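# Structural overview
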Amino acid sequence: MSLLSLRMRASLKGKHVSGGERIITEEAIPEALCELLKRPREHDFLKLTLERIGEVEVLEYSLAVSSFEFASVEEARKFALEKLVEIGVPESTVRRGIQLLSEGPNPRGGNTRGAVLMDIETGERLEPDPERGVRTVRVDWRDRFKVMEHLRRQGFTERTLDALAIATKNVYCGVVAELCWSDDPDYITGYVASSKYGYVRITPLKEEGDPFGGRIYFIRREGVGDLIRCLEGKPLLIDCLPP
């Protein structure tokens, strides 16, 4: 199946504010373009990339979705830590990841544009460019409308749709576990994802108004180059409804 990847990245005053991707046929370009152009609420820079990606693998599997809500950030992060430890991430590594997202993972200050790759055993960062991070791209749902309607009936939004696709591809590529909360100051829900527990939404993983966030991919050091090539280069369409 030969398709195209249409990606959008928007920023305001140098800070990333919105992004999205669609894997589409040529006939669907105008509709997808209009949709992605409407997504950023405000921005002063917007970049669109249209790329022919050739053959796309179809994945008939998605992580399951569950949700948990807590009275405080401390309780929510304790729950996330416990889940990650149960998956097999050492507690010291999880605490390092939580600290990094809390302070802003960019070594120069603030948030990275992509994810942090963290050695599951040592907590060491393994991404080649810590200011950029690593991006999970070239992934989409084969029937976005059908999956979105399925998720909407459960009370979820398009944020969940996009994040679930990313988390599913991460597990496919070999990420052991993921910890994420948004750098959007107004969005306080985050998640833990893994093959063991699926996509686990957790609220609140940060306080309202907190500008820091990002993604931590807990990985094994062996084969990190192949992992990055899969995350950033392997085209994938997910063709199923999330359990």
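Structural notes, computed from the coordinates. Being a predicted model, the structure only gives us computed values, none of them experimental.

## Quick word on the packing of helix H2 (residues 73-87) against helix H3 (residues 91-103)
H3 packs onto H2 with a crossing angle of 140° between their chain directions and a minimal axis gap of 9 Å. Taken together, the axis directions place H2 and H3 in an arrangement best described as oblique. Considering the relative orientation of H2 and H3, their crossing is right-handed. Across from Arg77, Leu81, Leu84 and Val85 in H2, the residues of H3 making contact are Glu91, Val94, Arg95, Ile98 and Ser102. Looking at side-chain class alone, the contact of H2 with H3 contains 5 nonpolar, 1 polar and 3 charged residues.

## Digging into the sheet that holds strand E11 (residues 214-219)
In a beta sheet, neighbouring strands pair by backbone hydrogen bonds and run either parallel or antiparallel. One open sheet holds the 6 strands; their spatial order is E5-E10-E9-E8-E11-E6, and the pairing between them is mixed. Across the chains shown, the open sheet's two edge strands, defined by having one partner strand only, are strand E5 (65-69) and strand E6 (116-119). Here the average twist between neighbouring strands, direction ignored, is 20°. Here strand E8 (residues 177-181) pairs with E11 via 5 bridges, running antiparallel. Paired with Trp181 across the strands is Gly214, a residue of E11. Along the sheet, H3 contacts E6, E8 and E11; its crossing angle with E11, the most-contacted strand, is approximately 160°.

## Here's the deal with the pairing of strand E10 (residues 198-203)
Among the 6 residues in E10, 6 count as buried, and that is most of the element. Sheet topology places E5 next to E10; 5 bridges connect them, and they run parallel. Bridging across to E10, Phe68 finds its partner in Ile202. Counting the residues in the hairpin turn of strand E9 (residues 190-194) and E10 gives 3 residues.

What counts as what
Residues numbered from 1 in each chain as written. Predicted model: local features only at pLDDT ≥ 70, side-chain atom pairs only at ≥ 80, totals over all residues. Heavy atoms only, no water. Axes fitted to C-alpha atoms, helices over the stretch in contact; angles between N-to-C directions. Helix = DSSP H or I, 4+ residues; strand = E, 2+ residues; numbered from the N terminus. Parallel < 35°, antiparallel > 145°, perpendicular 65-115°, else oblique. Left-handed = near helix turned anticlockwise from the far one by under 90°. Contact = heavy atoms within 4.5 Å. Nonpolar A, V, L, I, M, F, W, Y, C, P; charged D, E, K, R; others polar. Pairing = 2+ DSSP bridges. Buried < 20%, exposed > 50% of the residue type's maximum accessible area, 1.4 Å probe, protein only.

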